[in-house]
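# Structure at a glance
Take a look at the letters that make up each chain.
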Amino acid sequence: VKAQVFGVPPGAAAPTALGPIVDAPYHGDLLQGKGVYVLHQTFERPGIYKVVVLATKGAVSATTEANFTVLATDPAIPVGSPAPPTNNQLQSQVKDISTIDTGVPPDDMHYTTIAAALAAHHAIVIFFGSPGFCQTKTCAPEVDVVKKLESTYRAKGVDFVHIETYKGGRPDASRTVSDEFNQWKLTTDPWVVVVDKQGRVADKFDGPTTVDEIDPVVAAASN
């Protein structure tokens, strides 16, 4: 897969390439077939952009394109901003673990609050998602990615926290999201957010993201 990004100016002006055609390598480790093709692009200004994708397999090829909008500001908690001191519920505080973890089996990322980790000046990896009720079907695979990171970094003092998308774990008729999810101003799932020792958002990843993409950020945040 190769891709090229263009700026789409208003009016009848032709789209302008932001750079050359580049490879978009596949990242799918631990994502159970939900992997993605990834390219990295910096945008100097907000506006409408277009990505043109060429996919080739043997003698077969196809080209497609899609427009998207880059906003002037992040509608959620921007990278570099202080992380909200969330007092998420712990496993020791609930009678039914499924109210705070819909994974089967549940993970072990319910031992500390974000607020406590911030107060201790620990780096934090936060998974936001509903493994049991994820509309995109990517939350459960993303948990496996975070667990892999946990196996490396928790012993080094990095805290890991899982925040469920829906209030009480199970979505109601209105799909009411949890207070903790709302505090981070998220509108989709899954997300992985990395917070550094200074309590600032170091980076965040939307949707299916592999270990090799997140690992360098966690390593830097924990130093």
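Notes on the structure in this doc start here. (Residues numbered from 1 in each chain as written. Predicted model: local features only at pLDDT ≥ 70, side-chain atom pairs only at ≥ 80, totals over all residues. Heavy atoms only, no water.)

### Points about the side chain of T165
Within the element layout of this structure, T165 appears in the loop between β9 (159-163) and α3 (179-183). At 3.3 Å, the side chain of T165 forms a polar contact with the backbone nitrogen of S130. Looking at T165, its side chain comes within polar contact range of the side chain of D189, at 2.6 Å. If sequence neighbours within four positions are ignored, T165 has contacts with G129, S130, V177, S178, F181 and D189. (Helix = DSSP H or I, 4+ residues; strand = E, 2+ residues; numbered from the N terminus. Polar contact = N/O pair within 3.5 Å; in protein donor to acceptor, adjacent residues only side chain to side chain. Contact = heavy atoms within 4.5 Å.)

### Here's the deal with the packing of aromatic side chains
Here a ring pair, both rings aromatic, is described through the centre-centre distance and the interplanar angle of the planes. Enumeration over the complete set of coordinates arrives at six aromatic pairs. For the ring pair Y26 and Y37, a centre distance of 5.2 Å and an interplane angle of 55 degrees mean the geometry is tilted. Note that Y26 is positioned in strand β4 (residues 26-27) and Y37 in strand β5 (residues 36-37), a separation of 11 residues in sequence. Residue Y26 is classed as partly exposed on the basis of its relative accessible area of 44%. Taken together, the ring pairs connect F43, Y49 and F68 into an aromatic cluster. The ring of F6 has K50 lying over it, and the distance from NZ or CZ to the ring centre is 5.6 Å. The ring centre of Y153 lies 5.3 Å from the NZ or CZ of K156, which sits over that ring. (Phe/Tyr/Trp six-rings, centres within 6.5 Å; stacked < 30°, edge-to-face > 60°. Buried < 20%, exposed > 50% of the residue type's maximum accessible area, 1.4 Å probe, protein only. Lys NZ or Arg CZ within 6 Å of the ring centre and 35° of its normal.)

### Some words on the sheet that holds strand β10 (residues 191-195)
Pairing between the strands of a sheet comes from backbone hydrogen bonds, and it takes one of two forms, parallel or antiparallel. Strand order in the open sheet formed by four strands is β9-β8-β10-β11, and the pairing between neighbours is mixed. With one partner strand each, in any of the chains shown, β9 and β11 (201-206) form the two edges of the open sheet. Averaged over all pairs of adjacent strands, the angle between strand axes in this sheet comes to 15 degrees, irrespective of strand direction. Sheet topology places β10 next to β11; five bridges connect them, and they run antiparallel. Looking at β11, one finds that V195 is bridged to V201. Where helix α2 (residues 139-153) meets the sheet, its contacts fall on β8 (124-128), β9 and β10, and the angle it forms with β8 comes to roughly 165 degrees. (Pairing = 2+ DSSP bridges. Axes fitted to C-alpha atoms, helices over the stretch in contact; angles between N-to-C directions.)

Remember that the coordinates give geometry; whether it matters functionally is a separate question.
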